[in-house]
Amino acid sequence: MPYLNQLADVARRTGYPVTEVPGWQTRGHGPQPAVEGIVCHHTAGQTAGGDYPSLNVVRSGRRGLAGPLSHFGLGRSGRIYVIAAGRCWHNAPSTSARHDNSSSIGIEAENDGRQPWPEAQLDAYRKLVAELCREFGLPASRVKGHKEVNRQKPDPHGVDMDDFRSAVAALIKGEPPISWTEELMRDLPTLRCGDDNYDVKSVRGMLFIRGFVPPAAYGTPADLKGWLERTEFDQQLAELVGAFQLLKGLDDDGIVGPKTWPALLRL
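Residues numbered from 1 in each chain as written. Predicted model: local features only at pLDDT ≥ 70, side-chain atom pairs only at ≥ 80, totals over all residues. Heavy atoms only, no water.

## Some points on the overall build of the protein chain
This is how the line gets drawn: Starting at the N terminus, helices and strands are each numbered in turn, a helix being any DSSP run of H or I of at least four residues and a strand any DSSP run of E of at least two. Whether a residue is buried, partly exposed or exposed follows from its accessible area with a 1.4 Å probe, protein chains only, as a fraction of its type maximum: under 20%, in between, or over 50%, in that order. Contacts between residues were defined by any pair of non-hydrogen atoms, one from each residue, lying within 4.5 Å. Under the convention used here, a 1.4 Å probe and the Shrake-Rupley method define accessible areas, while residue burial counts only the protein chains that appear. In this tally Asp and Glu are treated as negative and Lys and Arg as positive; neither His nor the chain ends contributes. Charge positions are represented by NZ for Lys, CZ for Arg, CG for Asp and CD for Glu.
Along its length, the protein chain carries 10 helices and 8 strands. With the principal axes as the frame, the protein chain shows a C-alpha extent of 75 × 35 × 35 Å. Expressed as a percentage of its 267 residues, the buried residues of the protein chain come to 46%. The contacts in the protein chain between residues at least 6 apart in sequence include a share of 68% that link residues at least 24 apart. Roughly 12,900 Å² of accessible area belongs to the protein chain as shown, and the carbon and sulfur atoms make up 51% of that amount. Averaging the coordinates of the 31 positive side-chain charges in the protein chain and doing the same for the 32 negative ones gives two points 8 Å apart.

## Quick notes on the packing of helix H7 (residues 198–209) against helix H9 (residues 235–247)
We apply this condition: Only the stretch in contact is used when a helix axis is fitted, and all axes are lines through C-alpha atoms; the angle between N-to-C directions ranges over 0 to 180 degrees. Each angle gets one of four labels, with under 35 degrees taken as roughly parallel, over 145 as roughly antiparallel, 65 to 115 as roughly perpendicular, and the rest as oblique. Note: crossing handedness is left-handed where the near helix turns anticlockwise from the far helix by less than a right angle, and right-handed where it turns clockwise. Residues are grouped as follows: nonpolar covers Ala, Val, Leu, Ile, Met, Phe, Trp, Tyr, Cys and Pro; charged covers Asp, Glu, Lys and Arg; every other residue, Gly included, is treated as polar.
The geometry of H7 relative to H9 is characterised by a closest axis approach of 11 Å and an angle of 50 degrees between their N-to-C directions. It follows from the interaxial angle that H7 and H9 lie oblique. In this structure, the crossing between H7 and H9 has a hand that is left-handed. Here H7 contributes Val-200, Val-203, Arg-204 and Leu-207 to the contact with H9, which in turn contributes Leu-237, Leu-240, Val-241 and Phe-244. The residue makeup of the contact of H7 with H9, split by class, is 7 nonpolar, no polar and 1 charged.

## Brief notes about unusual backbone geometry
In this chain, Ala-92 is followed by Pro-93 through a cis amide linkage whose omega measures -5 degrees. Mapped onto the secondary structure, Pro-93 falls in the loop between strand E6 (80–82) and strand E7 (104–109). Cis geometry is adopted by the peptide bond preceding Pro-156, which originates at Asp-155 and carries an omega value of 0 degrees. Its location among the elements puts Pro-156 in the loop between helix H4 (146–149) and helix H5 (161–172).

## Digging into the layout of surface pockets
Threshold: Residues are said to line a cavity or pocket when one of their atoms sits within 4 Å of a point; the points come from a 1 Å grid over protein atoms alone, cavities being sets where a 1.4 Å probe fits but cannot get out and pockets being open sets with protein on both sides within 12 Å along at least five of seven lines. Grid points are joined across faces, edges and corners, and a volume is the space filled by probe spheres set on the points.
The calculated volume of the second largest pocket comes to roughly 480 Å³. Lining the second largest pocket are 25 residues, and of these Thr-43, Arg-62, Leu-69, Glu-108 and Lys-153 sit closest to its centre. Of the residues assigned to the lining of the second largest pocket, the class counts are 9 nonpolar, 12 polar and 4 charged.

## Regarding the packing of helix H3 (residues 119–136) against H5
Two measures define how a pair of helices packs: the angle their axes make with one another and the distance between the axes. Closest axis-to-axis distance for the H3/H5 pair is 9 Å, and the angle between their directions is 55 degrees. If you check the angle between H3 and H5, you find them oblique. Pair H3 / H5 crosses with right-handed handedness. Residue-level inspection shows Tyr-125, Arg-126, Lys-127, Val-129, Ala-130, Cys-133 and Arg-134 of H3 in contact with H5, the latter providing Phe-164, Ala-167, Val-168, Leu-171 and Ile-172. Looking at the contact of H3 with H5 residue by residue, the class counts come to 9 nonpolar, no polar and 3 charged.

## Some points on the pattern of salt bridges
Oppositely charged side chains can pair when the atoms bearing their charge come close. Operational definition: Basic side-chain nitrogens of Lys or Arg form a salt bridge, by our definition, when they fall within 4 Å of a carboxyl oxygen of Asp or Glu.
Within this structure, the stated rule accounts for 14 salt bridges. Between Arg-204 and Asp-234 there is a salt bridge, and its shortest N-O distance comes to 3.7 Å. Here Arg-204 is found in helix H7, whereas its partner Asp-234 is found in the loop between helix H8 (221–229) and H9, with 30 residues between them in sequence. Here the two residues Arg-204 and Asp-234 agree in accessibility, since each one is buried.

## What to know about the nonpolar core
The nonpolar side chains of soluble globular proteins are, as a tendency, buried together. Cut-off, in case you're wondering: In these notes, a set of buried Ala, Val, Leu, Ile, Met, Phe, Trp, Tyr and Cys residues joined through side-chain atoms within 4.5 Å is what counts as a nonpolar core.
Residues Leu-7, Phe-72, Ile-107, Tyr-125, Val-129, Leu-132 and Phe-164 are the most contacted members of the largest nonpolar core, which totals 37 residues. Residue assignment for this core shows that the elements contributing at least two residues are helix H1 (7–12), strand E2 (37–42), strand E5 (72–74), E6, E7, H3 and H5. Per element, the largest residue contribution to this core is 9 residues, and it comes from H3. Those residues in contact with Leu-7, other than ones at most four positions away along the chain, are Trp-24, His-71, Phe-72, Val-82, Ala-84, Ala-85, Ile-105, Leu-132 and Phe-136. Counting residues in hydrophobic clusters, the runner-up holds 20 residues, among them Phe-212, Phe-244, Val-256 and Trp-261.

The quantities given are spatial measurements derived from coordinates; they are silent on function.
In structure tokens form, the structure reads like this:
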């Protein structure tokens, strides 16, 4: 396989801004022999400000390891940096023959391994990976975190790779990715007066945490415990839910549904 000179065009299909790092078309440790997988990394280096302060290291390498260290860089803003079209030293030793330096594309996203991920950066990450899968005919299952194919590495930190692959698979099929909040809402029932189950008990607990408990429940510790452990959705509970809904600017119908659950859970 020759140098991957289509990478900038692939990156532009994400809709995010693209920076072509000068010399990228011929940069690499020789041509890229194959593309059978994609490996997701975080830089774990610079804590300085700016969009992609790790660019020089990823492009030129560090002591004991010559650059380029990855085909792409991904800035905090979602900007994509095209760094190399040839083979990069981004994953060795690899536990997967499809995700070593000779068979995979590497993406180094700016993050020191502790910082929260900006949503724009994660969105660009998913979209870039999806476009690379389309370009090289790869299923989402061929996308791996560095931590999955190298026992010595923890990156990308805080990213559930199963969720990441699910979002990539949806993008490959042209479907909008489902947020984790939407996924959670699918599994939560609608609760109303007359229901009797352990989800009602959960609502009671959340109302207690938010300060919505009838004064009688505070008579003794046993009174409060008894109120919290009840599983029936009675009229009193419906009124408390309605008061909570009014405070949150929701319709005070006393029903715990898709609009009330996020407020209770503070999502």
